[in-house]
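# Descriptive analysis of the structure
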Amino acid sequence: MKHIPHCIFLALAFWATGCTAPEQVGDPLAYVDPMIGTGGHGHTFPGATVPFGMVQLSPSNDYKNWDWCSGYHYSDTIIKGFAHTHISGPGLSGLGDILLMPAREPHAGPGTEAEPGTGYRARFSHDDETAAAGYYAVELRDEGVLAELTAGQRTGYHRYTFEPGKPAYLIIDPNHHINEHIQDTYLEWVSDREFRGYKAVEGWSAGQRRQHFYARFSKPVKSMTLTREGRAVAGRSGRGKGLVAQLDFGLENGGAVEVALALSSVSMEGAQANLEAEGTPGFDEARAKAEAQWREVLGKVTLFGASQEQLRVYYTGMYHAFISPNLISDADGQYYVEGEVRQSDIPQYSNFSTWDTYRALHPFFTIVEQEKTAAFVNSLSSRVVDAGVGLPSWECLGYDNRCMIGYSAVSPIADAVLKQVPGIGRDAAYEAIRYAAFDRTKHSQVSDLNGMDDYLKYGYVTAETGVSVSKTTEQNYCDWAIARVAEQMGKTKDQLLFDQRAIAYRNLFDPQTGYLMPRRRTGEMVRLDTSRWSPLKGHFISGNIWAYSAYTPHDMKGAMQLHGGRAAYAKWLKGVFENDAPLEGEQHVDISGFIGKYGHGDEPGHHMAYLFNYVGMPWLTQQYVAEVLRTMYKDTPDEGSINNEDLGQMSAWYLLSALGLYQVAPGDGVFQLGSPLHPKAVLHLESGKDFTVVAQGAPEHIYVQRVWLNGKPYEKNYLPYEAIMSGGELKFEMGPRPNREWGSAPAHTFPGDFADTAAAEVAPLGTPAPFEARGGAFFQASREVELDCAQAGARIYYTLDGSAPSEASELYQGPIRITEDAVLQAIAYSPRLNPSGIYAKPFFKSILADLPEGYPRFTVEQQGFPYGEEGGLQLFDQQIGSESYSDNKWTGIKDDIEVQLDLGEPRQAREVWVGALTETGSWIFPPSSIEVWAGSSPGQLSKVGELQLPAQEAGEKAVHRYRVPIEKGSYRYFTMKASNYGPTPAWHGAADGELWLFLDEIMIK
């Protein structure tokens, strides 16, 4: 790896003797290393971009698995080419638009990684790479080419220098993608120095879209050839999948060619106008402009007395923090959102991973980047006010892929409004966040329905919906943030409504464990086994019960009261950080970086170390923050990020925490004080003022002894936002041992002095749903169904015809007799409470009913199920799965599923039903076949039925209940095998990847 040389730091700080820390030496650009985080699970890319720009021009490869979400991984030794769009550190994959690659032969395709010489792919070494802010270069030794990249706002700039002795070609391949599905491409040779085209693509992350481009070359093209699938295409233009262009610049004797390529999501004409608007004459000028932009944003924070490693980590963190969100509007104001071209008078931005970034990145921006904060807020608000598509959950290039949960975009909007960041349309902002709080359409593609129907009835998402506790806590926090904006804007009725909604998580508190536990519509709490991953993953994002049980940042008074006071809450919180007990089963990939059960690699817990401030134990905040700062951020590719960088959130936690600051609940107007890492840091605010943080004794010492604000002793363990934005100096005296006096008095904590041991208000909002106490869903001839309700005196209404029950339906007055397959739906009404959610239970005739006691008995051949209970218990639990694989009812594995079943005695059978989920966007495919063997002796089974399923030809999300006819007979023993679909079909964006098989209920008729 070639790195830009770092300037040398001299001396340490000695405040005790009156000496000051040395000034930072050199250019902050020298400390940016974009290679940090490209290995491990960081998912960053090393290429060239500018702050918040449309273009991320970077080496790009085929999507191999999760670690290639950004198109590049440090383990690579092959480069496919250089593409113009990438996402920085995501947990999802996508983009990789418009790939260029220099070559010495007129290749018609990329070839294979195993044999890169069969196409335009090329080998490379990290020793031959240079990565810096706004610049990337690599020497492709086998090809004899030096490739250099830089970027502008809407344009990518390339320079390819060819050694003499061979022909020199430039390949343009619009078919490249990162786990997407190409639908169409177009290429056109406009003139000897200009080229244009587009690709039409459908993908999980960015939806159905087109990416248009217009390219201009520094040298005339000598000849151009178009090919499709290796065959020549006549003419100067072509259309269709598989189209590739080979441009010959006549550089057999060596030389360089520069390319300026502009993008537009709207049109090729828009791309051309963007290129003209960029107004940059050549590569070196573009690089200088890019470096100047990075120098400006990196200069917003100046560090003193830091080591080279600390400088590299910090300024690379700032670099990653300022990559996204990204510009999506053209120079003329046109932009593309949710399938439509629109016109805007303001710059439009996208790539909002707000579920991650609202926690630290956007609060950081409210300090150092208010101008763009306003632009981001106005872009988000416009999705409701102008586009009418609602606030996005996770927006990529104008498409809400609904990857995550809740309505997290509320937070950065509300926080910025409450901080009175200038330039925000306040009325539009409030309209947007209020709309989001009632939006029933934003269902997660990963984590089941949003549960809004039940949420509005009960104040919490019920356990019948996947990851219900996570959704409840996230949405309660956002409701609180809306209440604060309503309060500021004088909307008293809304304030009261959202304040009431904000504390309904209290209904989930389990006093036996201190955890928040899921609660069903019936009112029953589901107490989970916290020694196993499997039950946790169904009710919490990443299975992170510890972070979400502490995710009450807006209601810490109530949380402490639920636990029995400050001391009790502190004991519980310490227990989380000290809990090293192992868990059975497969850990979720998104949770890592553990201190006890605190997982820093999973964003919902990022605030947890700072909660010790609230209970008057700031020294524990300092201890754990210091540990994370020093152990989970490194200046290497593989260890640079403990998990996904997540579009700047992982870095932003570091950027704030290293300054000794962190906002636990964006919207509350305060930053908690932690353990500053650097002897001195200066924040240069847009107002022209400076806010200086001095930490005497850092980084050697981690514990705060005393604090002064603008020269006066400061006893509080938090700081108002206004104190930062007013400028001034915050000075810490650090020591080797905790000072248990500073910041520990109740009055010196943000909650203040309150009746912490008083009972917290827990007010029910909705009528508990009716239920059938008897378990199971199968019957032989008939079944009597008796309904009950936890709310005394509630009226119950029901239906059996598939219609939703209401007060106009049949009133329940006694047992209901069912004789055929049916779905019973029931609802309860009670005075002064909202109507209940609908209780729905399917009933099936099956020979699995009324078997001898202890039967059926079954074993599953496969082990280690990532989804579902070990041993395949959910295959026969009589719980029917929904279209969401995270609804806690599915058994999923990247393998076949084979089950041996013993009924205990022979039974007449004619058909086997197998429930299977298809969700191709998440790589869940139907089985390729289902085979059934049966007999009277376990060692002598015969094949009695088989169902071959057709090939999956297109994307789909559906539940199928496959019926396998079997030879009619009396059988005791069965073996059923559902075969994994096999290789990913060519039409799927993740071709050659491993596919999932998800089954739920197996029935015998």
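Cut-off values and rules
- Residues numbered from 1 in each chain as written.
- Predicted model: local features only at pLDDT ≥ 70, side-chain atom pairs only at ≥ 80, totals over all residues.
- Heavy atoms only, no water.
- Helix = DSSP H or I, 4+ residues; strand = E, 2+ residues; numbered from the N terminus.
- Buried < 20%, exposed > 50% of the residue type's maximum accessible area, 1.4 Å probe, protein only.
- Contact = heavy atoms within 4.5 Å.
- Areas by Shrake-Rupley, 256 points an atom, 1.4 Å probe, with all protein chains shown as cover.
- Lys, Arg positive; Asp, Glu negative; His and termini not counted.
- Charge placed at Lys NZ, Arg CZ, Asp CG, Glu CD.
- Axes fitted to C-alpha atoms, helices over the stretch in contact; angles between N-to-C directions.
- Parallel < 35°, antiparallel > 145°, perpendicular 65-115°, else oblique.
- Left-handed = near helix turned anticlockwise from the far one by under 90°.
- Nonpolar A, V, L, I, M, F, W, Y, C, P; charged D, E, K, R; others polar.
- Pairing = 2+ DSSP bridges.
- Domains from an automatic or database assignment.
- Buried area = accessible area lost by both parts, 1.4 Å probe.
- Polar contact = N/O pair within 3.5 Å; in protein donor to acceptor, adjacent residues only side chain to side chain.
- Salt bridge = Lys/Arg side-chain N within 4 Å of Asp/Glu carboxyl O.
- UniProt positions renumbered as here; feature names shortened; annotations may be inferred.
- Phe/Tyr/Trp six-rings, centres within 6.5 Å; stacked < 30°, edge-to-face > 60°.
- Lys NZ or Arg CZ within 6 Å of the ring centre and 35° of its normal.
- Disulfide = S-S within 2.5 Å.
- Expected span 1.5 Å × (residues − 1).
- Arc of directions from axis to C-beta.

Moving on: the overall build of the protein chain. Regarding its fold elements, the protein chain presents 19 helices and 52 strands. In the protein chain, buried positions account for 64% of the 1005 residues. Put simply, 70% of the contacts in the protein chain that link residues at least 6 apart link residues at least 24 apart. Carbon and sulfur atoms provide 48% of the accessible area of the protein chain, an area that totals close to 34500 Å². Seen as two clouds, the 86 positive and the 123 negative side-chain charges of the protein chain have centres 3 Å apart.

Right, let's talk about the packing of helix 7 (residues 410–418) against helix 10 (residues 468–488) for a bit. It is the contact of helix 7 with helix 10, at a shortest axis distance of 9 Å, that shows an interaxial angle of 30°. Of the possible angle classes, the one that applies to helix 7 and helix 10 is roughly parallel. Relative to helix 10, the crossing made by helix 7 is left-handed. Side by side, helix 7 and helix 10 meet where Val410, Ser411, Ala414, Val417 and Leu418 of the first sit next to Tyr477, Cys478, Ala481, Ile482, Arg484, Val485 and Gln488 of the second. In terms of residue class, the contact of helix 7 with helix 10 is made up of nine nonpolar, two polar and one charged.

Pairing within the open sheet is mixed, and its six strands lie in the order 20-31-32-36-33-34. Strands with a single pairing partner mark the edges of an open sheet, and in this sheet they are strand 20 (301–304) and strand 34 (712–713). Where strand 31 (residues 680–684) lies against strand 32 (residues 690–696), five bridges are found, and the strand directions are antiparallel. By the bridge assignment, histidine 684 is partnered in strand 32 with aspartate 690.

Here the focus is the domain arrangement of the protein chain. Its domain assignment divides the protein chain into domain 1 (29–299), domain 2 (301–748), domain 3 (770–845) and domain 4 (857–1004). Distance from the C-alpha centre of domain 1 to the C-alpha centre of domain 2: 35 Å. The interface is formed by 55 residues belonging to domain 1 together with 52 residues belonging to domain 2. Both faces considered, domain 1 and domain 2 share a buried interface measuring about 4300 Å² in area, 64% of it formed by carbon and sulfur atoms.

The N-to-C vectors of helix 2 (residues 283–298) and helix 3 (residues 308–321) enclose an angle of 110°; their axes lie 10 Å apart at closest approach. Classified by the angle their axes make, helix 2 and helix 3 are roughly perpendicular. You can see that helix 2 and helix 3 cross each other, and the crossing is right-handed. In contact with Trp294, Val297 and Leu298 of helix 2, helix 3 contributes Tyr315, Met318 and Tyr319. When its residues are assigned to classes, the contact of helix 2 with helix 3 shows six nonpolar, no polar and no charged.

Let us now look at the side chain of threonine 354. Mapped onto the fold, threonine 354 is located in helix 4 (residues 354–357). Polar contacts involving the side chain of threonine 354 include one to the side chain of serine 408, which spans 2.9 Å. Ignoring any residue separated from it by four or fewer positions in sequence, one finds threonine 354 in contact with His362, Pro392, Ser393, Ser408, Ala409 and Pro412.

Once that is clear, we can look at the pairing of strand 12 (residues 180–191). Regular strands show a simple pattern: their side chains alternate between the two faces of the sheet. Examined bridge by bridge, strand 12 and strand 13 (residues 194–203) share ten bridges and lie antiparallel to one another. Residue pairing in the sheet places tyrosine 186 in a bridge with tyrosine 198 of strand 13. Strand direction decides the pairing type here: strand 12 and strand 17 (residues 237–239), joined by three bridges, are antiparallel. Residue pairing across strands places tyrosine 186 opposite arginine 239, the latter belonging to strand 17.

Looking now at the pattern of salt bridges. Counted under the stated rule, the structure contains 53 salt bridges. Put simply, aspartate 635 and arginine 312 hold a salt bridge, and the shortest N to O gap is 3.0 Å. With aspartate 635 in the loop between helix 17 (618–631) and helix 18 (649–658) and arginine 312 in helix 3, this pair connects stretches of sequence that are 323 residues apart. Given a relative accessible area of 18%, aspartate 635 falls into the buried group. Note that glutamate 340 and arginine 342 form a salt bridge whose closest N and O atoms lie 3.4 Å from each other.

Now for the UniProt feature "domain: Glycosyl hydrolase family 92 N-terminal" (unreviewed entry) in the protein chain. Mapped onto the present numbering, the UniProt feature "domain: Glycosyl hydrolase family 92 N-terminal" (unreviewed entry) falls at residues 31–264. As annotated, residues 31–264 comprises 0% helix and 47% strand, and the C-alpha atoms at either end are separated by 32 Å.

Glancing now at the pairing of strand 23 (residues 340–343). Relative to strand 23, strand 22 (residues 334–337) is paired through four bridges, and the arrangement is antiparallel. The partner of tyrosine 335 across the bridge, within strand 23, is arginine 342. Between strand 22 and strand 23, which pair antiparallel one after the other, the connecting turn spans two residues, and glutamate 338 there sits at a positive phi close to 50°.

Counting buried residues in helix 18 gives ten out of ten residues, a clear majority hidden from the surface. Taken residue by residue, helix 18 has Gln649, Met650, Ser651, Ala652, Trp653, Tyr654, Leu655, Leu656, Ser657 and Ala658 as its buried positions. On its buried face, helix 18 is in contact with helix 3, helix 4, helix 5 (361–368), helix 17, strand 29 (661–662) and strand 30 (670–673). Phi for glycine 660, located one or two positions after helix 18, is positive at around 85°.

Bringing the packing of aromatic side chains into the picture now. Within this structure, the stated rule accounts for 49 aromatic pairs. Taken together through their ring pairs, the aromatic side chains of Tyr31, Tyr314, Tyr315, Tyr610, Tyr633, Trp653, Tyr654 and Tyr662 make up a single cluster. Looking at lysine 1005, its charged tip hangs above the ring of tryptophan 913, at a distance of 4.7 Å from the centre.

Turning to unusual backbone geometry, a few remarks are in order. In this structure, proline 699 follows alanine 698 across a cis peptide bond, with omega equal to 0°. Mapping proline 699 onto the fold places it in the loop between strand 32 and strand 33 (703–709). Here the residue pair tyrosine 855 and proline 856 is connected by a cis peptide bond, since its omega of 5° sits within 30 degrees of zero. Take proline 856: it is sitting in the loop between strand 45 (839–845) and strand 46 (857–860). Phi at arginine 402 takes a positive value of approximately 55°, unusual for a residue other than glycine. Inspection of the secondary structure puts arginine 402 in the loop between strand 26 (399–400) and helix 7. Overall, the relative accessible area of 24% leaves arginine 402 in the partly exposed class. The phi torsion at valine 467 lies on the positive side, around 40°, for a residue other than glycine. With respect to the helices and strands, valine 467 occurs in the loop between helix 9 (452–458) and helix 10.

Here we come to the sheet that holds strand 44 (residues 822–829). Strand order in the open sheet made by the five strands is 38-45-44-41-42, with mixed pairing throughout. Edge positions in the sheet fall to strand 38 (778–779) and strand 42 (810–811), since each of these pairs with one other strand and no more. Sheet analysis places strand 41 (residues 795–799) next to strand 44, joined by five bridges and oriented antiparallel. In the sheet register, tyrosine 798 faces strand 44, and the bridge partner there is alanine 826.

For asparagine 644, the position within the fold is in the loop between helix 17 and helix 18. Residue asparagine 644 is classed as buried on the basis of its relative accessible area of 2%. Side-chain polar atoms of asparagine 644 contact the side chain of asparagine 643, separated by 3.2 Å. Not counting residues up to four positions away in its chain, the partners in contact with asparagine 644 are His41, Gly42, His43, Trp66, Gly89, Pro90, Gly91, Asp590, Glu603 and Met650.

Next up on the list: the environment of serine 237. Relative to the elements of secondary structure, serine 237 occurs in strand 17. Judged by relative accessible area, which is 33%, serine 237 ranks as partly exposed. With residues up to four places along the chain from it excluded, the contact list for serine 237 reads Tyr186, Leu187, Glu188 and Leu226.

Our focus in this paragraph is the environment of tyrosine 721. Among the secondary structure elements, tyrosine 721 is positioned in helix 19 (residues 721–725). In this structure the C-alpha to C-alpha distance between tyrosine 721 and threonine 366, which are 355 residues apart in sequence, comes to 9.4 Å. In contact with tyrosine 721, not counting residues within four places along its chain, are Thr366, Ile367, Gln370, Lys419, Val421, Gly669, Val670 and Phe671. A polar contact is formed between the side chain of tyrosine 721 and the side chain of glutamine 370, at a distance of 2.8 Å.

Under the counting rule described, the total for this entry stands at zero disulfides. Residue cysteine 403 stays outside any disulfide, its sulfur separated by 9.7 Å from that of cysteine 69, the closest cysteine.

Here we take up helix 2. With 16 residues, helix 2 should cover 22 Å at 1.5 Å per step; its first-to-last C-alpha distance of 22 Å lies within 8% of that length. Every buried residue of helix 2 is accounted for by Phe283, Ala286, Ala290, Glu291, Trp294, Val297 and Leu298. For helix 2, the angular spread of buried residues about the axis comes to 135°, placing them on one side.

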